[in-house]
Amino acid sequence: MRGNVGVVTTTAGGATMVVDPLASRGINIQGASTATLARLANAGIEVKPARITDLTVAGARYDTMKSALDILLAAPEFDLVLAVIGSSARHYPHETVRPLIEAAGSDKPLAAFLVPDAPDALAALSRASLPNFRTPEACADALAAALARRAPLPAPVQPFARAHANGPVLDEVASGALIERLGIARAPGVALNSDIVQAPPLPFPYPVAVKVLSAQIAHKSDIGGVVLGVSDGASLVGAIHNIRTAVTARMAAASVERVLVQPMISGVGEVLIGYRIDRDVGPLIMLAAGGVLTEVVRDRSLRLAPVDLAGAHEMITQLRSLVSLCGYRGKAKGDLDALARAIVTLSQLADDPSVLEAEINPLIVLPEGRGVMAVDALVKLAGNA
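Residues numbered from 1 in each chain as written. Predicted model: local features only at pLDDT ≥ 70, side-chain atom pairs only at ≥ 80, totals over all residues. Heavy atoms only, no water.

A. Structural context of the overall build of the protein chain. When you go through the protein chain residue by residue, the secondary structure sums to 12 helices and 17 strands. For 385 residues, the compact-globule formula gives about 21 Å, and the C-alpha radius of gyration of the protein chain, at 28 Å, lies well above that figure. On the principal axes, the C-alpha backbone points of the protein chain span a range of 90 × 50 × 35 Å. Considering only contacts within the protein chain whose residues lie at least 6 apart along the sequence, 69% involve residues at least 24 apart. Total accessible area on the protein chain stands at roughly 18900 Å², and carbon and sulfur atoms take up 54% of it. Each charge class in the protein chain was averaged separately, 34 positive and 36 negative side chains, and the resulting centres sit 1 Å apart. (Helix = DSSP H or I, 4+ residues; strand = E, 2+ residues; numbered from the N terminus. Rg over C-alpha atoms; globule rule 2.2 N^0.38 Å. Contact = heavy atoms within 4.5 Å. Areas by Shrake-Rupley, 256 points an atom, 1.4 Å probe, with all protein chains shown as cover. Lys, Arg positive; Asp, Glu negative; His and termini not counted. Charge placed at Lys NZ, Arg CZ, Asp CG, Glu CD.)

B. Inspection of the sheet that holds strand E11 (residues 258-263) at higher detail. Spatially, E8-E11-E9-E10 is the arrangement adopted by the 4 strands of the open sheet, whose pairing is antiparallel. The strands lining the two open edges of the sheet, one partner per strand, are strand E8 (190-193) and strand E10 (226-230). Mean inter-strand twist for the sheet, computed between neighbouring axes without regard to direction, equals 25°. Taken together, the 3 bridges between strand E9 (residues 208-212) and E10 define a ladder with antiparallel strand orientation. Bridging across to E10, Val 210 finds its partner in Val 227. (Pairing = 2+ DSSP bridges. Axes fitted to C-alpha atoms, helices over the stretch in contact; angles between N-to-C directions.)

C. Broad picture of helix H1 (residues 12-24). Across its 13 residues, H1 extends 19 Å between first and last C-alpha, which sits within 8% of the 18 Å expected from 1.5 Å per residue. For H1, the complete set of buried residues consists of Gly 14, Ala 15, Val 18, Val 19, Pro 21 and Leu 22. Residues of H1 that are buried make contact with strand E1 (4-9), strand E2 (28-29), strand E3 (52-54), strand E4 (80-85), strand E5 (110-114) and helix H7 (136-148). (Expected span 1.5 Å × (residues − 1). Buried < 20%, exposed > 50% of the residue type's maximum accessible area, 1.4 Å probe, protein only.)

D. Molecular detail of the layout of surface pockets. Considered as a void within the structure, the largest pocket measures approximately 1200 Å³ in volume. If you trace the largest pocket, you find 46 residues lining it, with Gly 291, Glu 359, Asn 361, Pro 362 and Asp 376 closest to the centre. Per-element accounting of the lining of the largest pocket gives the leading share, 7 residues, to strand E15 (residues 355-365). Here the residues of the lining of the largest pocket are counted per class, giving 25 nonpolar, 8 polar and 13 charged. (1 Å grid on protein atoms, 1.4 Å probe; cavity = no way out; pocket = protein on both sides within 12 Å on 5 of 7 lines; lining within 4 Å. Points joined across faces, edges and corners; volume = space filled by probe spheres on them. Nonpolar A, V, L, I, M, F, W, Y, C, P; charged D, E, K, R; others polar.)

E. Region of the structure containing the pattern of salt bridges. Within this structure, the stated rule accounts for 13 salt bridges. Note that Glu 102 is salt-bridged to Arg 98, the shortest N-O span being 3.5 Å. Taken together, the residues span about one helical turn, with Glu 102 and Arg 98 both in helix H5 (residues 93-102) at a distance of 4 residues. According to the relative accessible area criterion, Glu 102 is partly exposed, its value standing at 41%. Assessed through its relative accessible area of 32%, Arg 98 is described here as partly exposed. A salt bridge links Arg 276 to Asp 278; the nearest nitrogen and oxygen atoms lie 3.5 Å apart. Shared partners join several salt bridges into a network, and the residues in it are Glu 172, Lys 211, Lys 220 and Asp 376. (Salt bridge = Lys/Arg side-chain N within 4 Å of Asp/Glu carboxyl O.)

F. Inspection of the packing of aromatic side chains at higher detail. The final tally for this structure, using the stated rule, is 0 aromatic pairs. Over the aromatic face of Tyr 62 sits the side chain of Arg 98, whose NZ or CZ is 3.8 Å from the ring centroid. (Phe/Tyr/Trp six-rings, centres within 6.5 Å; stacked < 30°, edge-to-face > 60°. Lys NZ or Arg CZ within 6 Å of the ring centre and 35° of its normal.)

G. Fine view of the nonpolar core. Judged by nonpolar contacts, the single largest core of 38 residues is most densely connected at Ile 273, Leu 287, Leu 339, Ile 343, Leu 346 and Leu 363. Every element with two or more residues in this core is listed here: helix H8 (172-182), strand E12 (269-278), strand E13 (282-289), helix H11 (309-317), helix H12 (336-347), E15, strand E16 (372-374) and strand E17 (377-382). Broken down by element, the residue count for this core peaks at 8 residues, all from H12. One finds Leu 40, Val 81, Ala 112 and Ala 118 within the second-largest nonpolar core, a separate group that totals 31 residues. (Core = buried A, V, L, I, M, F, W, Y, C linked by side-chain atoms within 4.5 Å.)

H. How the structure looks around the side chain of Gln 262. The residue Gln 262 is located in strand E11 in this model. On the basis of relative accessible area, Gln 262 is assigned to the buried category, the value being 4%. A polar contact of 2.6 Å, which involves the side chain of Gln 262, links it to the side chain of Lys 211. In this structure the side chain of Gln 262 is engaged in a polar contact, spanning 3.3 Å, whose partner is the backbone oxygen of Val 375. (Polar contact = N/O pair within 3.5 Å; in protein donor to acceptor, adjacent residues only side chain to side chain.)

I. Region of interest: unusual backbone geometry. Here the residue pair Tyr 206 and Pro 207 is connected by a cis peptide bond, since its omega of 0° sits within 30 degrees of zero. With respect to the secondary-structure elements, Pro 207 resides in the loop between E8 and E9. The omega torsion of the bond from Ala 305 to Pro 306 falls at 0°, within 30 degrees of zero and hence cis. Relative to the helices and strands, Pro 306 resides in the loop between strand E14 (300-304) and H11.

Shown next, in the form of structure tokens:
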């Protein structure tokens with residue numbers, strides 16, 4: 001559902017109380033179009049062009065409100081109509097809300113906000129199953145949720161039994177290779193044995209990032225398995241030694257035989273995109289704030305997989321943390337089109353029965369026109385059911 005709300009009221013002051021909370025939740029308060037204003041005028045209802053359709057106290061009359069609702073609910077510019085009723089709902093509860101109750105069967109959603117409190121009128125609306133609210137905050141929250149609702153997708157034809165079949169976890173090199181085969185660019189890297197005493201020539205310049213390379217270790221930063229900004233060969237050997245020492249001290253069972261060396265990659269921002277099979281609902285794709293703070297920020301969007309480009313772009317708009325990638329306050333714009341394509345690409349794992357989970361974190365979002373790049377990846381295969 002789109003997000004254009006038409007507000008019709010008998011009290012401009014009461015309508016103002018709810019307009020600000022609606023706007024703060026990203027809802028557009030849509031004014032009546034010229035054609036709609038003309039239809040209102042033909043019905044004997046003269047209102048000024050504005051974002052709020054103010055019927056004034058005349059709207060407390062049954063005929064006026066009934067005609068106005070019929071016209072507004074048929075107007076194409078509105079996705080939902082909110083009627084804000086003033087003190088008349090307290091003094092003449094049943095007469096005032098009767099036109100709302102009669103319009104409750106409309107194809108277009110209708111809701112009511114009553115101010116001041118009018119318990120008898122609210123009870124009548126509730127009996128008619130018409131959404132009604134006594135506070136502007138509750139009204140705004142409910143309307144935002146209703147407008148954000150997406151049409152349900154068809155249920156999966158088959159149960160996702162492979163969600164029970166846990167297969168092997170790939171190390172970062174193998175995971176990255178799978179991600180690259182899908183068509184998502186990844187940072188170059190060189191795998192080195194952890195017992196080297198002299199750094200070999202690298203195919204990319206310093207500074208570099210060094211990470212423990214083991215399928216046993218999913219969260220490398222948590223146990224000292226990552227060193228960033230390594231400036232030269234001697235520092236590289238030292239970083240590998242430090243990683244081996246830190247990881248074995250914190251995770252004695254872990255094998256630290258190899259490390260992965262990558263160039264330091266910077267961009268406009270970083271995100272997490274993840275795919276997994278849920279045993280109850282099937283394939284899911286997630287976009288979230290990236291990096292080590294993913295679990296702290298908890299800014300994410302989730303969809304059934306696969307998604308198309310429109311769905312991927314919608315996921316991007318839902319993350320507050322990605323506002324900065326839109327050129328916020330003169331900063332460089334991120335390549336959000338490339339990010340959307342990467343989301344679509346990863347979501348297509350829904351057609352691959354061999355993959356149970358896949359996560360890229362971080363996926364670096366480069367400046368507009370330069371794409372995205374996977375820096376770290378983790379893939380879990382489906383075992384035999």
